[in-house]
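# Summary of structural features
Chain residues, written in single-letter form:
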Amino acid sequence: MTSGKPLLGCIADDFTGATDLANMLVREGMRTIQTIGVPAAPVQDVDAIVVALKSRTIAPQEAVEQSLAALKWLQDQGCTQFFFKYCSTFDSTDQGNIGPVADALLQALGADFTIACPAFPENGRTVYHGHLFVNDTLLNESGMENHPLTPMRDANLVRVLQRQTPSKVGLIDANTVKKGADAIKAKIAALREAGIRMAIADAISNDDLYTLGAGCSDLTLITGGSGVALGLPGNFVRTGALNATGSAADLPGIEGRSVVLAGSASKATNGQVAHWKASHPAFRIDPLALAKGDDVVGQALAFAQEHAPKTVLIYATATPDEVRAVQAELGTQRAGELVEQALATVASKLGDQGVTHFVVAGGETSGAVVQALDVRALRIGPQIDPGVPATVAIDGNGGAQLALALKSGNFGTVDFFEKALKAVGGSL
Ligand code: ADP
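Because the structure is predicted, anything quoted here is derived from the model rather than measured.

### Considerations on the pairing of strand β11 (residues 221-224)
Alternating residues of β11 divide into Leu221 and Thr223 and Ile222 and Gly224, and every residue in both groups is buried. Looking at chain direction, strand β4 (residues 81-85) and β11 are connected through four bridges and run parallel. Across the sheet, Phe84 pairs through a bridge with Thr223, a residue of β11. Sheet topology note: the strand β5 (residues 114-117)/β11 ladder contains two bridges and is parallel. Note that in β11 the partner of Cys117 across the bridge is Gly224.

Pasting the structure below:
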């Protein structure tokens, strides 16, 4: 195990994407901490840091400012290589934010070239001749063309990125990638020579991602989806900077009670809630009762108290029809806010009562709970299910405070809650 300074500094444009990336780095042997925004305090005992921003759909100038602040902090921690992480479907508009942020990071680092590769073949995202495929369809026919915030209507990423940046955009094609790391390095040198500052990189298999990682060992900045990060830890192992011992996922043990909170209405979460309810206590939060001003939070806390030391589930999860009915009555945003607020308050009050293990379902819900618990940084542990690691919230001194498993809606097997409690050291 290496001690000393972190090696890889990552900036992610959203929270669950940051967790996905951190999970990947731990799997490849790097001790990894994910921070929520740019932290005030330094972090310790870590090989990679992922700063989670919420910059995917904000104004480009703001995304640039936040990303540069994150970069500065990562540089201050001693990181030597940097990774800008975005979605594997290249979620962005013609204004940004991938191009502008990549440009600003290159400039701040005094670097003149980076790659852009959202590919993650394991999850069905491949890039071939610069075109992004989602499973067997082009990006612009995958449903992403209808995304409410970042509609992707062009699968040619060279064109897409070129619209976002004054820098010249090129391509590292699949044939070059297949030839190996040296061929990639030669291609990068040729592209540089031609005045190209960014190149979309093809990748159609996991092997391609590892090769790309090796081919990019000399780049100060790499940009892409979490997949391309698979190939980066190996570079540090080869130079001796990282001694990946297999204990990167170790987490400190934490005493105390547990709770499961579900604010996701996705299909997977509905299945997980039903599975839990069959053999464990569960309390349903009714958004209409919240809107009426009933003390639903008080009732949920009393329910948890009544069943202690057994672990309870507190959930707003409902079927699509039920959610639609509530949304028609309260408005989508108000319904969402009421539920998020209620679950966040429950989390914070249970925290005050000594609950230390939280399993949370829902991306936005997780954000609200993490904020209510005042969590600023997470040490990333073993994977529970793909994309969802066990984590421990650490304070400014690196001390362990809370154990957390944060799952976005559609992740996890049907017995996820039970599995996650076990993985974070909680109880049933
Ligand atoms: P996911 O990861 O599945 O998208 P999120 O937590 O990100 O889950 O989003 C789910 C949203 O739905 C949240 O804003 C939550 O408050 C809201 N919600 C949850 N349950 C209900 C419900 N029964 N009725 C209306 N809205 C709900």
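### Some points on the packing of aromatic side chains
Across all of its chains, the model carries five aromatic pairs by this definition. Look at Phe84 and Tyr86: their rings are 5.3 Å apart centre to centre, the planes differ by 75°, and that puts the pair in the edge-to-face class. Residues Phe84 and Tyr86 agree in their burial class; the two are buried. Centroid distance Phe416 to Phe417: 6.3 Å. Interplanar angle 75°. Geometry classified as edge-to-face. Each member of the pair, Phe416 as well as Phe417, is classed as buried. An aromatic cluster is present here, built from Phe84, Tyr86 and Phe90 joined pairwise through their rings. Seen from the ring of Phe416, Lys407 lies directly overhead, with NZ or CZ sitting 6.0 Å from the centre.

### Details of helix α3 (residues 98-109)
Three or four residues apart is the spacing at which side chains of an α-helix point the same way, because the helix has 3.6 residues per turn. Along its 12 residues, α3 runs 16 Å from first to last C-alpha, staying within 8% of the 16 Å computed at 1.5 Å per residue. Within α3, 10 of the 12 residues are buried, which leaves it mostly tucked inside the rest of the structure. Taken residue by residue, α3 has Ile98, Gly99, Pro100, Val101, Ala102, Asp103, Ala104, Leu105, Leu106 and Leu109 as its buried positions. Note on α3: the residue one or two positions beyond its end, Gly110, has a positive phi of about 65°.

### Quick notes on unusual backbone geometry
When glycine is set aside, most residues are seen to have a negative phi, and most peptide bonds are trans. Of note, the amide linkage connecting Gly96 to Asn97 takes the cis form, showing an omega dihedral of 15°. Mapped onto the elements of the fold, Asn97 is located in the loop between β4 and α3. Note that the residue after Ala308, namely Pro309, is joined by a cis bond; omega there is 5°. If you trace the backbone, Pro309 turns up in the loop between α11 (296-307) and β14 (313-315). Unlike most non-glycine residues, Asn135 shows phi in positive territory, near 55°. Relative to the helices and strands, Asn135 is located in the loop between β7 (131-134) and β8 (137-138). Positive phi values are uncommon outside glycine, yet Asp374 reaches one of about 60°. Structurally, Asp374 can be placed in the loop between α14 (363-372) and β16 (377-385). Here Asp374 falls in the partly exposed class, since its relative accessible area comes to 45%.

Conventions and cut-offs
Sequence order as written defines residue numbering, which begins from 1 separately in each chain. Totals for whole chains, interfaces and linings use every residue, but because this is a predicted model, local features are given only for residues with pLDDT of at least 70 and side-chain atom pairs only at 80 or more, for both listing and counting. In computing side-chain properties, one takes all heavy atoms of the structure into account and sets aside hydrogens as well as water. Under the scheme applied here, a residue whose accessible area is under 20% of the maximum for its type counts as buried, over 50% as exposed, and between as partly exposed, the area being computed with a 1.4 Å probe on protein chains only. Helix and strand labels come from DSSP, where a helix needs a run of H or I of at least four residues and a strand needs a run of E of at least two; each type is numbered from the N terminus. A pair of strands is labelled paired if DSSP reports no fewer than 2 bridges between them. Each Phe, Tyr or Trp ring (for Trp, its six-membered ring) is paired with any other whose centre lies within 6.5 Å, and the angle between the two planes then decides the class: stacked below 30 degrees, edge-to-face above 60, tilted in between. For a lysine, the NZ atom is tested; for an arginine, the CZ atom; a charge sits over a ring if that atom is within 6 Å of the ring centre and within 35 degrees of the ring normal. Each helix should span, by expectation, one fewer than its residue count multiplied by 1.5 Å.

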